[in-house]
Amino acid sequence: MSKTPKPFKVSKTRWNEVVLVCRKCSKKLDGGFGPDGDKTLKKALRRYLHAGKGRKGDLAVVGADCFDVCPKNAVVAVNTRRPEELLIVPAGADLFEVKARLGLDDGRRLKPSLTSHDPAETTS
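The present account deals with the structure reproduced in this document. None of the values given here were measured: they were computed from a predicted structure.

**Observations regarding the overall build of the protein chain**
Counting secondary structure elements, the protein chain contains 3 helices and 4 strands. Listed N to C, the secondary structure of the protein chain is β-α-α-β-β-β-α in terms of helices and strands. Looking at the protein chain as a whole, 29% of its 124 residues are labelled buried. Of the contacts made within the protein chain by residues no fewer than 6 positions apart, 63% connect residues no fewer than 24 positions apart.

Right, here's the structure in full:
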């Protein structure tokens, strides 16, 4: 007597992007990110990027198994949209730069564009 297989189910998310952060590197480093340097990269990115909770957020920052890079005093992260680039993030790195290097654009905190200021244009 054969059993009929159960049907597949689908769980929907609002995720536009997923960032994977190495759990092993994070555990070895024990913090080093955020304003006070006391958070793991995963927690600091979640807070900085306002990742949201669970499946309802626009962005997911998830711990992943080892990527077999194992840098010293750094954590490996990857944006799943660009899996060919593993980013090695040194402890204490600026989260704005991490966001930019991972290719994440959340529409906030963009640096103002520098307009060319020609001294000849000003008349006094």
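Now that the structure has been shown, the text picks up again.
**Comments concerning the environment of Asp30**
Here Asp30 is to be found in the loop between helix H1 (23–29) and helix H2 (41–48). Sequence-wise, Asp30 and Thr40 are 10 residues apart; in three dimensions their C-alpha atoms are separated by 6.6 Å.

**A closer look at the pairing of strand E2 (residues 59–64)**
Taken residue by residue, a regular strand's side chains alternate between the two faces of the sheet. Among the 6 residues in E2, 5 count as buried, and that is most of the element. Note that strand E1 (residues 17–22) and E2 share 6 bridges and pair parallel. Bridge pairing in E2 places Val19 opposite Val61.

**What about the nonpolar core?**
Counting 24 residues, the largest nonpolar core has Val19, Leu41, Leu45 and Leu102 as the members making the most contacts within it. Those elements giving two or more residues to this core turn out to be E1, H1, H2, E2, strand E3 (74–79), strand E4 (87–90) and helix H3 (95–101). The dominant element in this core, judged by the number of residues it contributes, is H2, at 4 residues. If we ignore the near neighbours within four places in the chain, the residues touching Leu41 are Val21, Phe33, Val75, Ala77, Val89 and Leu95.

Rules used throughout
Residues numbered from 1 in each chain as written. Predicted model: local features only at pLDDT ≥ 70, side-chain atom pairs only at ≥ 80, totals over all residues. Heavy atoms only, no water. Helix = DSSP H or I, 4+ residues; strand = E, 2+ residues; numbered from the N terminus. Buried < 20%, exposed > 50% of the residue type's maximum accessible area, 1.4 Å probe, protein only. Contact = heavy atoms within 4.5 Å. Pairing = 2+ DSSP bridges. Core = buried A, V, L, I, M, F, W, Y, C linked by side-chain atoms within 4.5 Å.

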